[in-house]
Amino acid sequence: MFVSFEGIEGCGKTTQMGLAAERLAGEGYPVVVTREPGGTGIGEQVRSILLAPECGNMDPMAELLLYEACRAQLIAERIRPELEAGSLVLCDRYFDATTAYQGYGRGLDLDLIERLNDAAGHGIEPDLTILLDCPVETGFERIRSRYRDGSSRGGGGTPDRMETEDRAFHERIRQGYLRLAEEKGHRIRVVDASEGVEEVYGQIMDCLHQALKERE
Ligand SMILES: Nc1ncnc2c1ncn2[C@@H]1O[C@H](COP(=O)(O)OP(=O)(O)OP(=O)(O)O)[C@@H](O)[C@H]1O
Ligand SMILES: [Mg+2]
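None of the values given here were measured: they were computed from a predicted structure. (Residues numbered from 1 in each chain as written. Chains lettered and ligands numbered in written order. Predicted model: local features only at pLDDT ≥ 70, side-chain atom pairs only at ≥ 80, totals over all residues. Heavy atoms only, no water.)

Caption draft 1: Just the nonpolar core, in detail. In this structure, Val-3 and Ile-130 are the most contacted members of the largest nonpolar core, which totals 47 residues. Per-element accounting of this core gives the leading share, eight residues, to helix H8 (residues 197–214). The residues contacting Ile-130, other than those within four sequence positions of it, are Val-3, Ser-4, Phe-5, Glu-6, Arg-189, Val-191, Ile-204 and Cys-207. In terms of nonpolar packing, the next biggest core, distinct from the first, is built from ten residues, Phe-2, Val-32, Phe-95 and Ile-124 among them. (Core = buried A, V, L, I, M, F, W, Y, C linked by side-chain atoms within 4.5 Å. Buried < 20%, exposed > 50% of the residue type's maximum accessible area, 1.4 Å probe, protein only. Helix = DSSP H or I, 4+ residues; strand = E, 2+ residues; numbered from the N terminus. Contact = heavy atoms within 4.5 Å.)

Okay, structure coming up:
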């Protein structure tokens, strides 16, 4: 099974994916975790270009194609072989992020993005997508506290290129994700991520256990 975690900056994807991975591995599932952009040697190099604040002049189409390039490599090198081997693959962001950020956020053509997502993903769709939804302000506040507390999961560092974009950009992304959830209701589950870590974790484990049961 292939599960992606999506949502705006600071909604809790990395935190929750780590907790879910630990729990599912403890239950005996062959869990593999990865992330986008990145997850391969080539992909991590492209990731550093994509997120570098000094790449602020990147053309939106160049940005889109770099994300898709990362994805093609990740699927070919890691995700497809892991799925074929029977692993339970958890991915921190996947192609819905491209629709939300480059489509709804940057305003690039949604049909083009859908075609590129399909091509770069080698036709592989998540079986389940957990969309962590919270207000943009909540996500930003969490990121600010992550910088204050560099010890937390996924923590530390300085703001990346996406995080330095304005509030309206992130609001379009949140609304874009919610629209996607309506269109792709067969695989996207919206979780209220404004709650505390434990409550959100409970909601996510319910979604995961239900999906795993359906596939037995
Ligand atoms: N439900 C929550 N309530 C309060 N704080 C949280 C919650 N979930 C995560 N956090 C904290 O908020 C910060 C951001 O969480 P995390 O890094 O998991 O988000 P993310 O969605 O992966 O962010 P990014 O988009 O930047 O990768 C972290 O410091 C984390 O400990
Ligand atoms: Mg993260």
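Caption draft 2: A look at helix H5 (residues 110–120). Three or more residues of H5 are buried, namely Ile-113, Asn-117 and Ala-120. Viewed along the axis of H5, the buried residues span an arc of 75 degrees, placing them on a single side of the element. Looking at H5, the residues exposed on the side facing more than 90 degrees away from the buried face are Asp-111, Arg-115 and Ala-119. Backbone geometry just after H5 places His-122 at a positive phi near 50 degrees. (Arc of directions from axis to C-beta.)

Caption draft 3: Representation of the packing of aromatic side chains. Scanning the entire structure with this criterion turns up four aromatic pairs. A ring pair is formed by Tyr-101 and Phe-169, whose centres lie 6.2 Å apart and whose planes are at 75 degrees; its orientation type is edge-to-face. Placement of the pair is Tyr-101 in helix H4 (residues 95–105) and Phe-169 in helix H7 (residues 167–183), with a sequence separation of 68 residues. As far as the burial class goes, Tyr-101 and Phe-169 line up, both buried. Both rings, one in Tyr-101 and one in Tyr-177, keep their centres 6.5 Å apart while their planes meet at 80 degrees; by these two values the pair is edge-to-face. Highlighted residues: Tyr-101 in helix H4 and Tyr-177 in helix H7, separated in sequence by 76 residues. One exposure class covers both Tyr-101 and Tyr-177, and it is buried. An aromatic cluster is present here, built from Phe-2, Tyr-94 and Phe-95 joined pairwise through their rings. The residue whose ring lies beneath Arg-146 is Tyr-147, and the NZ or CZ to ring-centre distance is 5.7 Å. Stacked on the ring of Phe-140, the Lys or Arg Arg-167 has its end atom at 4.4 Å from the ring centre. (Phe/Tyr/Trp six-rings, centres within 6.5 Å; stacked < 30°, edge-to-face > 60°. Lys NZ or Arg CZ within 6 Å of the ring centre and 35° of its normal.)

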